[in-house]
Amino acid sequence: MPLFDALPRTAFDPGLWVDGKKLMGKKLAELLRHHIKEETAKTSLKPGLAVILVGADAASQIYVAGKEKAALELGFDSRIVRLPADVTQEALVSEIHRFNLDNSIHGILVQLPLPEHLNESQILQAITAEKDADGFHYLNQGKLAAGIAATLPCTPAGVALMLRELVASNGVHHADLIGRHAVVVGRSNIVGKPMAQLLLSGLNMTVTMCHSKTHNLQRFVADADVLISATGVRGVIDESQIKAGAIVIDVGMHRIDGKVTGDLNLAAIESRVSLYTPVPGGVGPMTIAMLLYNTYQNAMRAAGNTRQIA
Ligand code: GUN
């Protein structure tokens, strides 16, 4: 199956979620969650999501609470396991095994980052590919690299869905992205690398990956038709270099003096770019919606139903 068969087959009117130049992920995520709820209601399934949270990281607690709230609103079963920061590798893996064997659970997620003493890759790989809610299992990562449908990492899948909705739309917000230059800044396994694969195999873009060692980063920034900032650091990208008319996606999330901001100073680029994701309200809500979609898809597959959301 082609890669984008792994995304919901939605085609929303951009008028419902694009506000001027702002790509309102918050709105698109609402539409998507409603759609998943309707599709789930057509079945007798109750998708189940299990989230494992280790330690008391403040940001992680907020993210996990948001995931639970969204799952319950859709009528999903939601289970959260909170483990102490000094939990052993064995105890954590045995929690995962328990959920692997639980037929009422279809998606398992271990919230990252984990404390230093734990072996992250061994823990993530303990989740079966069938119950992988995050797209981090090597089988799903491999399928993505091969350009075939897989459970996709939630944040880049959410961004890819936003862009695909624009490509599929008519009217003022239509974007013609085939062959255009996408520049991804950041090479994490969670965002940067899978994002590049989705832009390449799913959207047929010409993709450049940049990172903290890239020489003369700003020349790539200046050439980007679609710029994705996933650096996790403010001030890396010089906003004045961003091309006029570019689409800018800010994956960053920083709390400064109690205020949430992205990687970029978006106010400084608003007049020049064609579209951009605000922070908050852009990429973040799409991540949670895609997590629910992955869980729903896993539940459908477990029930022997390979029908995708139409
Ligand atoms: N921490 C920050 N982003 C993510 C994510 O997408 N998945 C998991 N499991 N943890 C995260």
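For the structure, check the block above.
Residues numbered from 1 in each chain as written. Predicted model: local features only at pLDDT ≥ 70, side-chain atom pairs only at ≥ 80, totals over all residues. Heavy atoms only, no water.

(A) Examining the overall build of the protein more closely. Secondary structure summary: the protein contains 9 helices and 12 strands in total. The C-alpha atoms of the protein give a radius of gyration of 19 Å, which matches the 19 Å a tight globule of 310 residues would have. Structurally, the protein occupies a C-alpha span of about 50 × 45 × 35 Å along its principal axes. Across the 310 residues of the protein, 55% fall into the buried class. In the protein, the proportion of contacts linking residues at least 24 apart, taken out of those at least 6 apart, comes to 69%. Each charge class in the protein can be summarised by its mean position, and for the 29 positive and 29 negative side chains these summaries are 3 Å apart. (Helix = DSSP H or I, 4+ residues; strand = E, 2+ residues; numbered from the N terminus. Rg over C-alpha atoms; globule rule 2.2 N^0.38 Å. Buried < 20%, exposed > 50% of the residue type's maximum accessible area, 1.4 Å probe, protein only. Contact = heavy atoms within 4.5 Å. Lys, Arg positive; Asp, Glu negative; His and termini not counted. Charge placed at Lys NZ, Arg CZ, Asp CG, Glu CD.)

(B) Layout of the site of the ligand. Contacts to the ligand come from Leu109, Val110, Gln111, Leu112, Asp134, Phe136 and Ile190. At a separation of 3.3 Å, a nitrogen atom of the ligand approaches a polar side-chain atom of Gln111. Within the complex, the protein chains bury 81% of what would otherwise be the 280 Å² of accessible surface of the ligand. When the residues that make up the shell around the ligand are grouped by side-chain class, the tally is 5 nonpolar, 1 polar and 1 charged. (Near = heavy atom within 4 Å. Polar contact = N/O pair within 3.5 Å; in protein donor to acceptor, adjacent residues only side chain to side chain. Areas by Shrake-Rupley, 256 points an atom, 1.4 Å probe, with all protein chains shown as cover. Nonpolar A, V, L, I, M, F, W, Y, C, P; charged D, E, K, R; others polar.)

(C) Quick look at the sheet that holds strand β5 (residues 107-110). Pairing in this open sheet of 3 strands is parallel, and the strands run β4-β3-β5 from one edge to the other. At either end of the open sheet lies a strand with only one pairing partner, and these are β4 (77-83) and β5. Pairs of neighbouring strands in the sheet enclose a mean axial angle of 15°, with direction left out of account. Relative to β4, helix α2 (residues 58-73) is tilted by about 160°, and along the sheet it contacts β3 (48-54), β4 and β5. (Pairing = 2+ DSSP bridges. Axes fitted to C-alpha atoms, helices over the stretch in contact; angles between N-to-C directions.)

(D) Inspection of the pattern of salt bridges at higher detail. Using the criterion set out here, one finds 8 salt bridges in the structure. Put simply, Asp102 and Arg79 hold a salt bridge, and the shortest N to O gap is 3.3 Å. On the criterion of sequence distance, the pair formed by Asp102 in the loop between α3 (89-100) and β5 and Arg79 in strand β4 is long-range, its members being 23 residues apart. One connected set of salt bridges, linked through shared partners, spans Asp77, Arg79 and Asp102. (Salt bridge = Lys/Arg side-chain N within 4 Å of Asp/Glu carboxyl O.)

(E) Representation of the environment of Glu38. Mapped onto the elements of the fold, Glu38 is located in helix α1 (residues 25-41). For Glu38, a relative accessible area of 42% translates into the label partly exposed.

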